[in-house]
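Architecture at a glance
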Amino acid sequence: MARRSADPDPTTKSGVVGLRRSDRFLAGLQEAGRVVFVSHVQPDPDSLGSMLGLAHLVEQRLGKSTVITRDGLISRAENRAMVDVLHLDLENIEDIEWTEGDAVVMVDSQPNTGRHNFDESVELYAVIDHHDTPGDLEGIPFTDIRASHGATCTVVTKYLREQDVAISEKVATALLYGIETEMAGYPREASQADDDALLFLYPLADKDTIAQIRNARLPHSHFECLLQALQSSFIYDRLIISWVNELPQPEQAAEVVDFMIRFEQVDWAVCGGVHNDQMILSVRAAKEEARAGEILRQVVGRLGKAGGHDRRAGGSIKLSSTAPSAIEDLQNTLRKRLLKAMKIDDTRGQRLVPLREMLQNLQS
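Residues numbered from 1 in each chain as written. Predicted model: local features only at pLDDT ≥ 70, side-chain atom pairs only at ≥ 80, totals over all residues. Heavy atoms only, no water.

A few words now on the layout of surface pockets. When its volume is computed, the second largest pocket comes out at roughly 470 Å³. Pro111, Asn112, Glu120, Val122 and Leu124 are, among the 23 residues lining the second largest pocket, the residues nearest its centre. If one sorts the elements of the lining of the second largest pocket by residue count, strand S4 (residues 102-107) sits on top with 4 residues. (1 Å grid on protein atoms, 1.4 Å probe; cavity = no way out; pocket = protein on both sides within 12 Å on 5 of 7 lines; lining within 4 Å. Points joined across faces, edges and corners; volume = space filled by probe spheres on them. Helix = DSSP H or I, 4+ residues; strand = E, 2+ residues; numbered from the N terminus.)

Set out below in structure tokens:
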């Protein structure tokens, strides 16, 4: 079911309207020396597929040089597999040598949302995204924010179809997998546009490659993290909160909630995990009109940054101290704010795995 939010028609800085969005996007790149694509930290399949698809569009229609970047680590097994099996050539954002002729395009994210590491002095030409998270779009020549779409890859697929660009198997596979990952979970956060894009891309994509990505081998740390989360999960009415004090990789907080939200007794799953000097937060909801991104922004407030979709959200808080007492205090603050935001009585949580059973398992 599509999210109920309007997608205002984007305009160029000059206010020109009437052309197709893809026409306007390409028109503004005519004088660019090269086009550099950036996204959020720990890029996911939707951002990777979107950058690849747009780079293909620019190369085919304008003959421009393009660069696809990586901001931070790519640690989730499926995401690493996507990069490896599709042979995606990603340049570390911190290694980019910016030049005067660069046109910078941000995809699957928005400026000043706390999810980027590149130099803020770099001017953006365009922002193409599908998130509800409000960013600072003032002064950017081209914007296309479609919150009613479930994936940015859907928007990119529209651009390619509008421009009648032949889509290679590699590009189709990346776009299809990017859309599929955003549609994961139930209820689906999808619109008719997303389903149309899936139907269009399916015959063009390599299904064996997608199966290989979906079934990527998992590292030992995945199971250590999941075990710690199971042992430190508490249930409050229809909400389950999992705390992981040593999160091997930031993306594993999302893996925890993807697993926990399937528990039949809950409608909400929240994971808070410590990675280096940050508390990483991830949220999943199994109900319509959940407003997960809005709720997490409310809970995090000025402590850090947060945002997301109706049923999927994430955020981070920089820790002033990594001492166990400081982490516990922050966990208590976040728990109280979550319960208040969800109108759940602030009562003692019930352990998912009773302490007695944990002790028995350790002794056996």
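So, next bit.
Across the sheet, 6 strands lie side by side as S3-S2-S1-S4-S5-S6; this open sheet has parallel pairing. Edge positions in the open sheet fall to strand S3 (91-92) and strand S6 (142-145), since each of these has one partner strand only. Here strand S1 (residues 34-38) pairs with S4 via 5 bridges, running parallel. From the neighbouring strand, Phe37 faces S4, where its bridge partner is Val105. Along the sheet face, helix H2 (residues 45-62) touches S1, strand S2 (65-70), S4 and strand S5 (126-129) and points at about 170° away from the line of S2. In the packing of helix H4 (residues 152-162) onto the sheet, the strands contacted are S5 and S6, and the crossing angle to S5 comes to about 115°. (Pairing = 2+ DSSP bridges. Contact = heavy atoms within 4.5 Å. Axes fitted to C-alpha atoms, helices over the stretch in contact; angles between N-to-C directions.)

If you look at the biggest cluster of nonpolar residues, it comprises 50 residues, and the most contacted ones within it are Phe25, Leu54 and Val105. Residue contributions to this core peak at 8 residues, all from helix H5 (residues 169-183). What Leu54 contacts, discounting residues up to four positions off in sequence, is Phe25, Phe37, Val105, Val107, Ile128, Val156 and Tyr159. Formed by 30 residues, the second largest nonpolar core is a distinct cluster that contains Trp243, Val300, Leu334 and Met342. (Core = buried A, V, L, I, M, F, W, Y, C linked by side-chain atoms within 4.5 Å. Buried < 20%, exposed > 50% of the residue type's maximum accessible area, 1.4 Å probe, protein only.)

Right, let's get into the pattern of salt bridges. Applying the stated criterion across every chain yields a total of 13 salt bridges. Close ionic contact of Arg21 with Asp144 constitutes a salt bridge, the shortest N to O distance being 2.7 Å. Highlighted residues: Arg21 in helix H1 (residues 21-27) and Asp144 in strand S6, separated in sequence by 123 residues. Residues Arg21 and Asp144 agree in their burial class; the two are buried. Between Asp310 and Arg311 there is a salt bridge whose closest N-O contact spans 3.1 Å. You can call Arg311 buried: its relative accessible area is 5%. One network of salt bridges, with partners in common, ties together Arg76, Glu78, Asp258 and Arg284. (Salt bridge = Lys/Arg side-chain N within 4 Å of Asp/Glu carboxyl O.)

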